[in-house]
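One-letter residues, chain by chain:
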Amino acid sequence: MISRRKLLIIAGAATASAMLPVQISAVSQGQENLSEAASSTRRWAMVVDVQKCTECMKEFIRKTGNPEVKPPCVVACDKENNVPEFENKKIDPQWMRIARLKLDKESVEPEEMYIPLLCNHCEHPPCVQVCLTKASFKRPDGIVEIDMHRCIGCRYCMIACPYGARSFNYLDPREGLKEVNPKVQMRTEGVVEKCTFCVHRVDEAVAKGIEPEPACVEACRLFGKNALVFGNIKDPNSEISKILRKTMPVQLRPEFGTDPHVFYIKLGGE
Ligand code: SF4
Ligand code: SF4
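The rules we used
The written sequence of each chain sets the order in which its residues are numbered from 1. Note on labels: chains are lettered from A, ligands numbered from 1, in written order. pLDDT decides what is reported in this predicted model: residues at 70 or higher carry local features, side-chain atom pairs at 80 or more are listed and counted, and totals for whole chains, interfaces and linings draw on all residues regardless. What counts as a helix is a DSSP run of H or I of at least four residues, what counts as a strand is a run of E of at least two, and both are numbered from the N terminus. A residue is called partly exposed when the number of other C-beta atoms within 10 Å of its own lies between 12 and 20, exposed at 12 or fewer, and buried at 20 or more, with C-beta atoms placed from the backbone. Residue pairs are scored as contacts if the distance between their C-beta atoms, which are placed from the backbone, is within 7 Å. Proximity of a residue to a molecule or strand is defined by its backbone-placed C-beta atom lying within 6 Å of that partner. Just so you know the grouping, Ala, Val, Leu, Ile, Met, Phe, Trp, Tyr, Cys and Pro go in nonpolar, Asp, Glu, Lys and Arg go in charged, and all remaining residues, Gly too, go in polar.

### A short note on the overall build of the protein
Helices and strands together make up the secondary structure of the protein, namely 7 helices and 12 strands. Residue burial in the protein is summarised as follows: out of 270 residues, 41% are buried. Long-range pairs, those at least 24 residues apart, make up 66% of the contacts in the protein with a sequence separation of at least 6.

Below is the structure:
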């Protein structure tokens, strides 16, 4: 069992520059508590291999000389989900971003790590609890979504989310896009948005009876890293279930009781 530890995001990296410095505590999570019972036969989740992400980011930074470089997962997410870019990091929405972490502990290798941050599709999402109009909701399969027609832009959900996973559209997102993916609903100025676990891909794959693959996971696989694994943790034979059984998955900020469903493995080189 990994002992409780504190992680400190020391600086924004890649797309993380709009993120406020935040302290993240993480604790190992036993398989028995991964999810509470729900009506669906599926519970979608993601596993992130931090060692692989760190190697990938260091390679990109070395090659480009740019500490803010966007790796393939982030580029793919932005393109797939019509995430706009106004070249203004204070207002650019971010569905997936890369954070540079430093273990708040002496003599730990590697000292510096890179991890992707995205919506955790929490089992107990505070963003849903505070939503005045029920625009934010959790599906039976665990995906937390936003109904853009109901969002009034009050931003209570952004305050409630302990992970800074949500972004506000200060401008019309269409003005920050070179092309639009018609499969993903366009947002408007004045609403909140975030990672959906590529819900359109999930629903399409389920309808076809195949395994879903979010855009970031696909990009990471095509790039030859396989640092991200997505799947149904209610299926004991899924790849993600097998990984979670044989590793020590870590959830971010478990003290909030949100039960995040993005799990991190090999955090701190273990
Ligand atoms: S990570 Fe934040 S936005 Fe995502 S479900 Fe949890 S509380 Fe909501
Ligand atoms: S699951 Fe989809 S929406 Fe979420 S970070 Fe990955 S590509 Fe972006």
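### Some words on unusual backbone geometry
Positive phi outside glycine occurs at Arg-253, with the angle close to 50 degrees. Looking at the secondary structure, you find Arg-253 in the loop between β11 (250–252) and β12 (262–265). Unlike most non-glycine residues, Lys-266 shows phi in positive territory, near 55 degrees. Counting through the fold element by element, Lys-266 comes out in the segment after β12. For Lys-266, a count of 18 C-beta atoms within 10 Å translates into the label partly exposed.

### Regarding the site of ligand 2
Near ligand 2, the surroundings consist of 13 residues, among which Cys-77, Cys-195, Cys-198, Pro-214 and Cys-216 are the closest. Each residue belonging to the shell around ligand 2 can be placed in one class, and the counts come to 10 nonpolar, 2 polar and 1 charged.

### Structural notes on the environment of Lys-102
By the element assignment, Lys-102 lies in strand β4 (residues 97–103). Here the alpha-carbon distance between Lys-102 and Tyr-114, two residues 12 residues apart in the chain, equals 8.9 Å.

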